[in-house]
Amino acid sequence: QVQVVESGGGLVQPGGSLRLSCAASGIFFSISAMGWYRQAPGKQRELVARTTNGGTRNYVSSVNGRFTISTDNAKNTVYLQMNSLKPEDTAVYYCKADRVCSSYGCADYWGQGTQVTVSS
C-alpha cells in the first residue's frame, strides 16, 4: 500500500511564505513524477508545479517566480516553497505521485490535501 501525505499548510498574510512537504511511503521501486495541485472553492483543481524523475519541472504561469518545487529523492519527498503569497493562492493543496510502480503494477496516488489560506 502506498501513502502520500502532505504537511505544512496554514494561515499566512499576503506577501508571506509557506513550505509544503509531501512524502510517499510504502513498498514501491519507482515514481515517475510528483506534483502539487490546488483547488479553490468553486473552482476546478489545477496543476501548480510538477517535477519528473528526469528533473523536468513545470509551473502554472500564475506562480512563476514565486513558487519553487524541489525533491529529496532519498526520502521520496517533494517540497513546494511558496513566497510572495497572494490571497488568490488560497486553496486546498494536494500532492500527487504519478506512476508509482511496485511488483503489483503502477498507479497514481493523491494525498489528502492541506489548506493554505492567505489573508490579512
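Remember, it's a predicted structure, so these values are computed and weren't measured experimentally.

### Points about the state of the cysteines
(1) Moving on: Considering all chains together, one arrives at 2 disulfides under this definition.
(2) Moving on: Each disulfide pairs two cysteine sulfurs, and for Cys 22 the partner residue is Cys 95, the sulfurs being separated by 2.0 Å. Residues Cys 22 and Cys 95 share a disulfide whose torsion about the S-S bond is about -80°; that sign makes it left-handed. Linking Cys 22 in strand 3 (residues 18-25) with Cys 95 in strand 9 (residues 91-102), this pair joins segments that are 73 residues apart in sequence.
(3) Moving on: When its relative accessible area of 1% is taken as the criterion, Cys 22 is described as buried.

### Digging into the pairing of strand 3
(1) Moving on: Two strands pair when backbone bridges link them, and strand 1 (residues 3-7) and strand 3 are joined in this way by 5 bridges, in the antiparallel orientation. In the strand pairing of strand 3, Gln 3 is matched with Ser 25.
(2) Moving on: Looking at chain direction, strand 3 and strand 8 (residues 77-82) are connected through 6 bridges and run antiparallel. Bridge pairing links Cys 22 to Val 78 in strand 8.

### Side note on the environment of Lys 43
(1) Moving on: Along the chain, Lys 43 falls in the loop between strand 4 (30-39) and strand 5 (46-52).
(2) Moving on: On the basis of relative accessibility, which here comes to 58%, the residue Lys 43 falls in the exposed class.
(3) Moving on: Along the primary structure Lys 43 and Val 100 are separated by 57 residues, whereas in three dimensions their C-alpha atoms are 28 Å apart.

### Details of the pairing of strand 9
(1) Moving on: Buried residues dominate strand 9, accounting for 10 of its 12 residues.
(2) Moving on: The sheet contact formed by strand 4 and strand 9 spans 9 bridges and is antiparallel. Among the inter-strand pairings, Ala 33 is bridged to a residue of strand 9, identified as Asp 98.
(3) Moving on: Taking the residues that link successive antiparallel strands as the turn, the strand 9-strand 10 (residues 105-110) hairpin has 2 residues.

About the cut-offs
Residues numbered from 1 in each chain as written. Predicted model: local features only at pLDDT ≥ 70, side-chain atom pairs only at ≥ 80, totals over all residues. Heavy atoms only, no water. Disulfide = S-S within 2.5 Å. Helix = DSSP H or I, 4+ residues; strand = E, 2+ residues; numbered from the N terminus. Buried < 20%, exposed > 50% of the residue type's maximum accessible area, 1.4 Å probe, protein only. Pairing = 2+ DSSP bridges.

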